[in-house]
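Chain and residue survey
Chain residues, written in single-letter form:
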Amino acid sequence: MQQSKHQFYILLFLAMVGWGASWTNAKVLSFYIDEYEMVLFRFSLTALTLIPIIIVLQKSFYVSIKTIFYAFVTSLFLVAYMKYYFLGTKYGTASLGGAFVTTLAPIITFLLYVLFGARKLRKRDWFALALGALGVSTMLNIFTFKSEEVFTQYNLYFLLAATLWPLVTILSSKSKDTSPIVFTFYLYIFSSLLVTLFFIDFNTIAYASFDSTFYLHMGSLILFSTTFSNTIYFLGIERLGVAEVSSFIFLVPFSAIVLSALLIDEEIGVPVLIGTLLTLFAVKILNNINFFRKGH
């Protein structure tokens, strides 16, 4: 049993690396397609790969009207998130996006729960929020006091993405009568339909430019960063519980930073590293995440 758990830890580690790799994938793909084309390719093809997984896991495709409603509404925010996630990465860096969005989003999620009365602020939460603000400020280079470096287009995109993702998370959690994998399947279907109906012109897609680099990164984004990583994450919650799996999320920003340096030669600034550490520590305090649990 313990060996099986350790093997699953390895899979969770790889899943978090996959999520981190998505930022590098998006940066490369931004040279070939726009934000809506990425949503279409990523989510429509991922939905197809989820079908055999849902069948093997013996989950039902049947869902309630309530679930369909939440999947549709959530897809609106998911498309908006993907737009700003993609544009921020296109005009900025994958390392900053992977660090900034994945660390700020949990803090905004916490604040939204406080705003709606689902959580209460404790004394240590105020310290954590101040620490998170310091970390975010450091990543954004606020302490250079140069407006042209702080108020950049891509920083705004990343801020919008970090604000939208908590809404996707909260809305997704409202559907409690459906398997997360099945809910995700319908979420991806609706997201693909939305961009197809309103934003995609198939005649303008530059199919001729698609080369081996495009297919490598698109394949990685679909199979590794989305299908594999999401499936392992959801299975991890079912087998190990949210509290234990949540500690692995901390690997995402660091994998995004490391992979962007290794794969696309991005220079990693000291402010990004320091800001990431400060913000992650804030997230740890806010969510009572314990890396070393007794008996593990």
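Everything below is about the structure shown above.
In this text the structure is predicted, and so the values were computed from the model without any measurement. (Residues numbered from 1 in each chain as written. Predicted model: local features only at pLDDT ≥ 70, side-chain atom pairs only at ≥ 80, totals over all residues. Heavy atoms only, no water.)

A tally of regular secondary structure across the protein gives 12 helices and 0 strands. Put simply, the protein runs from its N terminus to its C terminus through helices and strands in the order α-α-α-α-α-α-α-α-α-α-α-α. In terms of overall dimensions, the protein is globule-like: its C-alpha atoms have a radius of gyration of 19 Å, near the 19 Å expected for 296 residues. Principal-axis analysis of the C-alpha atoms places the extent of the protein at approximately 50 × 45 × 40 Å. Across the 296 residues in the protein, those meeting the buried criterion constitute 51%. Considering only intrachain contacts with a sequence separation of at least 6, the fraction spanning at least 24 residues in the protein is 89%. A total accessible area of about 14700 Å² is found for the protein, and carbon and sulfur atoms account for 69% of it. Computing the positive centroid from 19 side-chain charges and the negative centroid from 14, the protein places the two 18 Å apart. (Helix = DSSP H or I, 4+ residues; strand = E, 2+ residues; numbered from the N terminus. Rg over C-alpha atoms; globule rule 2.2 N^0.38 Å. Buried < 20%, exposed > 50% of the residue type's maximum accessible area, 1.4 Å probe, protein only. Contact = heavy atoms within 4.5 Å. Areas by Shrake-Rupley, 256 points an atom, 1.4 Å probe, with all protein chains shown as cover. Lys, Arg positive; Asp, Glu negative; His and termini not counted. Charge placed at Lys NZ, Arg CZ, Asp CG, Glu CD.)

With 21 residues, helix α7 (residues 153–173) extends 31 Å from end C-alpha to end C-alpha; this agrees with the ideal 30 Å at 1.5 Å per step. For α7, the complete set of buried residues consists of Asn-155, Tyr-157, Phe-158, Ala-161, Ala-162, Leu-164, Pro-166, Val-168, Ile-170 and Leu-171. (Expected span 1.5 Å × (residues − 1).)

Another aspect to go through is the pattern of salt bridges. What the rule picks out here adds up to 2 salt bridges. Glu-238 serves as the salt-bridge partner of Lys-59, at 3.5 Å between the closest nitrogen and oxygen. In this pair, Lys-59 sits in the loop between α2 (35–56) and α3 (65–91) while Glu-238 sits in helix α9 (residues 212–240), placing the two residues 179 residues apart along the sequence. Accessibility expressed as a relative area gives 46% for Glu-238, which makes it partly exposed. Across the pair Asp-125 and Arg-122 runs a salt bridge whose closest N-O atoms are separated by 2.8 Å. Classification of Asp-125 by relative accessible area gives buried; the value is 0%. (Salt bridge = Lys/Arg side-chain N within 4 Å of Asp/Glu carboxyl O.)

Okay, the packing of aromatic side chains next. One pair of aromatic rings is described through two measures. These are the centre distance and the angle between the planes. The tally for this structure, following the rule as stated, stands at 22 aromatic pairs. Ring centres of Tyr-84 and Tyr-157 lie 5.8 Å apart, and the angle between their planes is 25°; on these two criteria the pair is classed as stacked. Separated by 73 residues along the polypeptide, Tyr-84 in helix α3 and Tyr-157 in helix α7 bring together distant segments of the chain. Take Tyr-84: its relative accessible area is 21%, and that puts it in the partly exposed class. According to the relative accessible area criterion, Tyr-157 is buried, its value standing at 13%. A centroid spacing of 6.3 Å and a plane angle of 90° characterise the contact between Phe-210 and Tyr-215, whose relative ring orientation is edge-to-face. On the basis of relative accessibility, which here comes to 12%, the residue Phe-210 falls in the buried class. Judged by relative accessible area, which is 51%, Tyr-215 ranks as exposed. (Phe/Tyr/Trp six-rings, centres within 6.5 Å; stacked < 30°, edge-to-face > 60°.)

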